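These are the residues of each chain, in order.
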Amino acid sequence: MNDDSNEFEAPDNLAYSADRDRGILTPSDREFLIGRKSDYTEHSRKQKRNRIRRRIRNAILDFTIIFEHLEDRDRETVFNPDDDARDAYTQGITDLLAFLHLGTMGYYTPFKDMLGQGVNKAEQELAGSDYRMVTVDFNVDPVGQIDVDEVIDKLEFGDFDEITDEELRAFVRLLAESEDFSATSMRSEMKEQMNEFIAKVNAAAEQRDQRVEDLND
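Residues numbered from 1 in each chain as written. Predicted model: local features only at pLDDT ≥ 70, side-chain atom pairs only at ≥ 80, totals over all residues. Heavy atoms only, no water.

Draft legend 1. Structural context of the pattern of salt bridges. Applying the stated criterion across every chain, the model contains 13 salt bridges. With its nearest N and O atoms 3.1 Å apart, the salt bridge here joins Lys48 to Asp29. With a gap of 19 residues between them, Lys48 in helix α2 (residues 42-69) and Asp29 in helix α1 (residues 27-34) connect regions that are remote in the sequence. A relative accessible area of 6% places Lys48 in the buried class. Counted as one network, the salt bridges with shared partners bring together Asp29, Lys48 and Arg55. (Salt bridge = Lys/Arg side-chain N within 4 Å of Asp/Glu carboxyl O. Helix = DSSP H or I, 4+ residues; strand = E, 2+ residues; numbered from the N terminus. Buried < 20%, exposed > 50% of the residue type's maximum accessible area, 1.4 Å probe, protein only.)

Given below as structure tokens:
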């Protein structure tokens, strides 16, 4: 959102770096949108917004050319950022999907149809054949009220497979917002437990592979 305040403090994120090269947005566009620079007249503000809209529309059209003609090695390089920038790129991809989902609400073609067509097209590109066909499931299910006692009982008795995704997301959110929750202490405790957990997972995988091998003998 545009903010006319001159007291804007940029998050510690590569996306907000003033030294970043031009993308869809010019450096001036970024300054305008995040409110670092607000000395625009009403007329110049409208012109700026119009130029940004046109640039975004043309960027969307450019992806037809990018998908069809950009070499594989170039695409792979784009999605192989430096370690210190990986989180920022991941957030950028997430926000791109959020922007597309939000922007295409009420659009002629539903977002889920375009998503399915896009994934299917990518799979055909990988296979080098239009005989590669996949089904893409995409649903938006709101998280409602959960039975906290029921979830805790499942956790207490180790019935992890019975916990639904809806219950898990809601429970984690409730836990994170609890006054008794400490991310710092949980981080250290979870890291200690993770090594043991991974060892058990690996042992189960090895036992499974050995069992399959024995069955095939």
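Draft legend 2. Quick look at the environment of Asp12. Looking at the secondary structure, you find Asp12 in the segment before α1. With relative accessibility at 86%, the residue Asp12 sits in the exposed group. Separated by 76 residues in sequence, Asp12 and Ala88 place their C-alpha atoms 9.7 Å apart.

Draft legend 3. Local environment of the confidence of the model for the chain. Scored by pLDDT, the chain comes out at a mean of 88, with 95% of its residues at no less than 70. Below pLDDT 50 for its whole length, residues 1-6 participates in 13 contacts with residues either more than four positions away or in separate chains. (pLDDT = per-residue confidence, 0-100. Contact = heavy atoms within 4.5 Å.)

Draft legend 4. Region of the structure containing a negative patch on the surface. There is a patch of like negative charges on the surface, built from Asp147, Asp149, Asp153 and Glu156. If you trace the backbone, Asp149 turns up in helix α6 (residues 148-156). We classify Asp149 as exposed; its relative accessible area is 56%. (Patch = residues over 30% accessible without salt bridge, like charges linked within 9 Å, V, L, I, M, F, W, Y side chains within 5 Å. Areas by Shrake-Rupley, 256 points an atom, 1.4 Å probe, with all protein chains shown as cover. Lys, Arg positive; Asp, Glu negative; His and termini not counted. Charge placed at Lys NZ, Arg CZ, Asp CG, Glu CD.)

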